[in-house]
Amino acid sequence: MNPYILSTLLFGLGLGTTLTFASSHWLLAWMGLEINTLAIVPLMAQHNHPRAVEATTKYFLAQATAAATLLFASTTNAWITGQWDIQQMTHPLPTTMVVIALALKIGLAPMHSWLPEVLQGLNLTTGLILSTWQKLAPFALLLQIQTTNPTPLIIIGLLSALIGGWGGLNQTQLRKVLAYSSIAHLGWMMLILQFSPLLSLLALLTYLTMTFSAFLIFKVNKATTVNALAISWAKTPALTALAPLVLLSLGGLPPLTGFMPKWFILQELTKQDLPALATLAALTALLSLYFYLRLSYAMTLTMFPNNLIGMTPWRFSTPQFTLPLAISTAATTLLLPLAPAAVALLMA
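Going by the annotation in an unreviewed UniProt entry, the name recorded for the protein is NADH-ubiquinone oxidoreductase chain 2, with Cleisthenes herzensteini given as the source organism. The annotation that UniProt attaches to the protein under Function (unreviewed entry) is "Core subunit of the mitochondrial membrane respiratory chain NADH dehydrogenase (Complex I) which catalyzes electron transfer from NADH through the respiratory chain, using ubiquinone as an electron acceptor. Essential for the catalytic activity and assembly of complex I." Quoted straight from UniProt, the Sequence similarities (unreviewed entry) entry for the protein says "Belongs to the complex I subunit 2 family."

Printed below as a string of structure tokens:
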């Protein structure tokens, strides 16, 4: 792609998200989401491959439906209450419609079915943008909505955690595994959104760091299937040793960074007199943990059927810029000791 066009599209992505962050009016927020969608569509379709074009079409249709629903809901709210302000969503009907529209935008269950299919048709770089940056603007709107009834968000969150865990169990494509991982993590954020927005934000930041690291590991290894992970030790031995830590951090095992948001969320749910919900959420984490363990097993404990000694790649230095991977991997594995500082921030 022409670097000038690429720069314009990346600027559009940044502008759309920033516009949504800065807006307090529904029309401006909607405009930011539309700029965001229109900026990423050419990035998704840049490889003239039928799968990429199909994924782009599915993504565009899902996002257009969500944007239309959001616009209709905000207009309905203005009609009923006379308010266009995002934080003045008082009527339950438009509030529920907005939550459903934003859930469709970021791929929460039961509006999740487009996400694994779309991610499967993209390359790992565009998939990384879709799984991280594209979640920020809708999530910022969800944080600002004050709903009096948390039940819809809890149902969506629990369904997402369940489907995210179940859906990834029998996948062989890494991008689909990461898509279901994204659904499950966002489900955890929805569970706690109404009780502790700051804790939800902490979970989002942790998810972004871990997902960034996982995508970059697969990109360095040029791996898109579980079987392709088996030869990664011949390409990048040191990275292969670290990769299971990143995957287990995504699964939420102590003493890794991914344990921190799950621990805090379960603690907060218990404080809110929802022990049954906390137990269910913890059980769904076991489902997700199984497929992260499966990826770790494929990467470190299996041998490729060919003679690897004869086909070991030469140790040329990788042409890819590895500093972001080093920083994100360190953050993914080593930040749990900062939990007391996070608690102090949440309590402030």
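Now, about the packing of helix α8 (residues 151–167) against helix α14 (residues 275–300): what can you tell me, with residues and values included?
With their axes 7 Å apart at the nearest point, α8 and α14 run at an angle of 25° to one another. It follows that α8 is roughly parallel to α14 by the angle criterion. Judged by the sense of rotation from one axis to the other, the crossing of α8 with α14 is left-handed. Note on element contacts: α14 touches α8 through Leu 277, Leu 280, Ala 281, Thr 284, Leu 287, Ser 288 and Phe 291, opposite Ile 154, Leu 158, Ala 161, Leu 162, Gly 164, Gly 165 and Trp 166. The residue inventory of the contact of α8 with α14, partitioned by class, reads 10 nonpolar, four polar and no charged.

I'd like a description of the UniProt feature "domain: NADH:quinone oxidoreductase/Mrp antiporter transmembrane" (unreviewed entry) in the protein, backed by residues and values.
Here the UniProt-annotated "domain: NADH:quinone oxidoreductase/Mrp antiporter transmembrane" (unreviewed entry) positions come out as residues 23–287. Helix and strand shares over residues 23–287 are 75% and 0% respectively, and the end C-alpha atoms of the span are 38 Å apart.

Explain a nonpolar patch on the surface to me, and be specific about the residues and the numbers.
Among the surface-exposed residues, Met 1, Ile 5, Leu 6 and Leu 10 lie close enough to one another that they form a single nonpolar patch of about 340 Å² accessible area. The class for Met 1 is partly exposed, based on a relative accessible area of 45%.

Mind laying out the side chain of Glu 268, listing which residues take part and the relevant values?
On the secondary structure map, Glu 268 appears in helix α13 (residues 259–271). Despite being buried, Glu 268 has no salt bridge partner; Lys 271 is the closest side chain of opposite charge, sitting 4.7 Å away. There is a polar contact of 2.9 Å between the side chain of Glu 268 and the side chain of Gln 272. When sequence neighbours within four positions are dropped, the list of residues in contact with Glu 268 reads Ile 192, Phe 195, Ser 196 and Leu 199.

Which residues make up the UniProt feature "transmembrane region" (unreviewed entry) in the protein, and what values do they have?
UniProt annotation of "transmembrane region" (unreviewed entry) refers to residues 60–80, 92–115, 151–170, 177–195, 201–218, 238–256, 276–293 and 321–347 when read in the numbering used here. Between the C-alpha atoms that bound residues 92–115 the distance is 27 Å, and the span itself is 71% helix and 0% strand. Across residues 151–170, helical content stands at 85% and strand content at 0%; the span's end C-alpha atoms are separated by 30 Å.

About the cut-offs
- Every chain's residues receive numbers from 1 upward, in the order its sequence appears when written.
- Selection of residues for local features in this predicted model requires a pLDDT of at least 70, selection of side-chain atom pairs for listing and counting requires 80 or more, and totals for whole chains, interfaces and linings are taken over all residues.
- Note: side-chain values were computed over all heavy atoms of the structure, leaving out hydrogens and water.
- UniProt positions are given in the numbering used here, feature names are shortened, and annotations may be inferred rather than shown by experiment.
- An axis is simply a line fitted to the C-alpha atoms; with a helix, the fit covers only the stretch in contact. Between two such axes, the angle follows the N-to-C directions and lies from 0 to 180 degrees.
- Each helix is a run of H or I in the DSSP string that is no shorter than four residues. Each strand is a run of E no shorter than two, and both are numbered from the N terminus.
- Between 65 and 115 degrees an angle is taken as roughly perpendicular, under 35 as roughly parallel, over 145 as roughly antiparallel, and anywhere else as oblique.
- Helix crossings get a hand from a simple test, with the near helix turned counterclockwise from the far one by less than a right angle marking a left-handed crossing and a clockwise turn marking a right-handed one.
- Contact definition: two residues touch when any of their heavy atoms are within 4.5 Å.
- For this classification, the nonpolar set comprises Ala, Val, Leu, Ile, Met, Phe, Trp, Tyr, Cys and Pro, the charged set comprises Asp, Glu, Lys and Arg, and every other residue, Gly included, is treated as polar.
- Put simply, a patch holds well-exposed residues, over 30% relative accessible area, that have no salt bridge, with like charges counted together within 9 Å and Val, Leu, Ile, Met, Phe, Trp or Tyr side chains within 5 Å.
- Where accessible areas are quoted, they stem from the Shrake-Rupley method and a 1.4 Å probe; at the residue level, only the protein chains shown are allowed to cover.
- Salt bridge, as used here, is a side-chain nitrogen of Lys or Arg placed within 4 Å of a carboxyl oxygen of Asp or Glu.
- Only protein chains enter the accessibility calculation, which uses a 1.4 Å probe. A residue is then buried if its area is under 20% of the maximum for its type, exposed if over 50%, and partly exposed in between.
- Here Asp and Glu are counted as negative and Lys and Arg as positive; His is not counted, and neither are the chain ends.
- A 3.5 Å cut-off defines polar contacts: any pair of N or O atoms within that distance qualifies, except that in protein one atom must be a possible hydrogen donor and the other a possible acceptor, and neighbouring residues in sequence count only when both atoms are side-chain atoms.

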